[in-house]
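Examination of the molecular architecture
The residues making up each chain are set out below.
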Amino acid sequence: MSFCVLIPARLASTRLPRKVMLDVGGLPMIEQVRRRALESGASRVVVAADHPEIVECIQSYDGEAVLTSTAHVCGTERLAEAARLLELPAEAIIVNLQGDEPGMNPALLQATAQLLLEDAGLQMATAAVPIGHWDELADPHVVKLIRNDLGHAQYFSRAPIPWYREHFPLRTGETLPDSGSWWRHLGLYAYRAGFLQDYARWPASALEQIESLEQMRALERGVQIAVYCAAEAPASGVDTVADLERVRTLFS
């Protein structure tokens, strides 16, 4: 199979300043992420950075990086520019791995890309894992998704969806009545390079802004988003100091 991994990386992160440059297991976080991508079997791995410091960091480890604009409002727009700079052909399959996920399972990248390799008509794919407890379903930081009968995403939300009218809300820590009905969205995407250029030209959609979820821009345009359902979640990304310490413990 042939796919490339592009890793969007911003230096000026809000909740945890300069997080992609922080040490994780003796390496800058962004370099750990790049190494997970290399383990996926990708034919090429490139960091799409918004600052020369990140580019220089990756190059110091003999990695490939490109400098992109600081004006992008989301990682998908940043990757669209990177794909242009790299002159990737329209049919190329690109996996978007966030720059703050050093604990990502490399096999998930390959499995998500495989959905596009198996269906030439698909332009976008993502991944999800089951949700088993109410606390996770109710957490607005956990993005939920609903799939249709074709296995494609029907809606994404920070709210608990679908809402089980006869049973919700549950008590803290309570197990969901049917864990097969609720899915947590993982911030992992695969696209065709040509589709990325379309996405970047579209204005931000209403639901994208309401939910603060960039994938809604594609969904509202009628794009079919295939969903790979994994059995278990990888280590979650790093947004806070507590997340950072948890990931550092994982690597130690």
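First, a word on what this report is: a plain description of the structure on this page. Owing to the predicted nature of the structure, the values given are computational and were not obtained by experimental measurement. (Residues numbered from 1 in each chain as written. Predicted model: local features only at pLDDT ≥ 70, side-chain atom pairs only at ≥ 80, totals over all residues. Heavy atoms only, no water.)

**Considering the overall build of the protein**
Within the protein, the secondary structure is distributed over nine helices and 11 strands. In terms of C-alpha radius of gyration, the protein reaches 18 Å, essentially the compact-globule figure of 18 Å for 252 residues. Overall size of the protein, expressed as C-alpha extent along the three principal axes, is 55 × 40 × 35 Å. Among the 252 residues that make up the protein, the fraction classed as buried is 53%. Here the contacts in the protein between residues at least 6 apart in sequence split such that 68% fall between residues at least 24 apart. Here the protein displays about 11400 Å² of accessible surface, and carbon together with sulfur accounts for 49% of that area. Put simply, the protein has 22 plus and 32 minus side-chain charges, and the middle of one group is 2 Å from the middle of the other. (Helix = DSSP H or I, 4+ residues; strand = E, 2+ residues; numbered from the N terminus. Rg over C-alpha atoms; globule rule 2.2 N^0.38 Å. Buried < 20%, exposed > 50% of the residue type's maximum accessible area, 1.4 Å probe, protein only. Contact = heavy atoms within 4.5 Å. Areas by Shrake-Rupley, 256 points an atom, 1.4 Å probe, with all protein chains shown as cover. Lys, Arg positive; Asp, Glu negative; His and termini not counted. Charge placed at Lys NZ, Arg CZ, Asp CG, Glu CD.)

**Quick word on the pairing of strand β4 (residues 44-49)**
Among the six residues of β4, five are classified as buried, and the element is accordingly described as predominantly covered. As paired elements, strand β1 (residues 4-9) and β4 share six bridges and run parallel to each other. Opposite Val5, over in β4, you have Val45 as the bridge partner. Pairing analysis gives four bridges linking β4 to strand β5 (residues 64-67), with the strands arranged parallel. Its bridge partner lying in β5, Ala49 is registered against Leu67. (Pairing = 2+ DSSP bridges.)

**With respect to the layout of surface pockets**
Considered as a void within the structure, the largest pocket measures approximately 1600 Å³ in volume. If you list the elements that add at least two residues to the lining of the largest pocket, you get β1, α3 (75-85), β10 (183-192), α7 (206-211) and α9 (241-251). (1 Å grid on protein atoms, 1.4 Å probe; cavity = no way out; pocket = protein on both sides within 12 Å on 5 of 7 lines; lining within 4 Å. Points joined across faces, edges and corners; volume = space filled by probe spheres on them.)

**Points about the packing of aromatic side chains**
The full count for this structure, using the stated rule, is 11 aromatic pairs. A ring pair is formed by Trp134 and Phe168, whose centres lie 5.0 Å apart and whose planes are at 55 degrees; its orientation type is tilted. A residue pair is termed long-range when its members are at least 10 positions apart, and Trp134 in helix α5 (residues 134-138) and Phe168 in the loop between β9 (153-157) and β10 qualify at 34 residues. Judged on exposure class, the residue Trp134 and its partner Phe168 are both buried. With 5.5 Å between their ring centres and 40 degrees between their planes, Phe168 and Trp182 make a pair best called tilted. Taken together, the residues span a long stretch of sequence, with Phe168 in the loop between β9 and β10 and Trp182 in the loop between β9 and β10 at a distance of 14 residues. Using a relative accessible area of 8% as the deciding quantity, one classes Phe168 as buried. Site record: aromatic cluster; members linked through ring pairs are Trp134, Trp163, Tyr164, Phe168 and Trp182. The residue whose ring lies beneath Arg147 is Trp183, and the NZ or CZ to ring-centre distance is 5.0 Å. (Phe/Tyr/Trp six-rings, centres within 6.5 Å; stacked < 30°, edge-to-face > 60°. Lys NZ or Arg CZ within 6 Å of the ring centre and 35° of its normal.)

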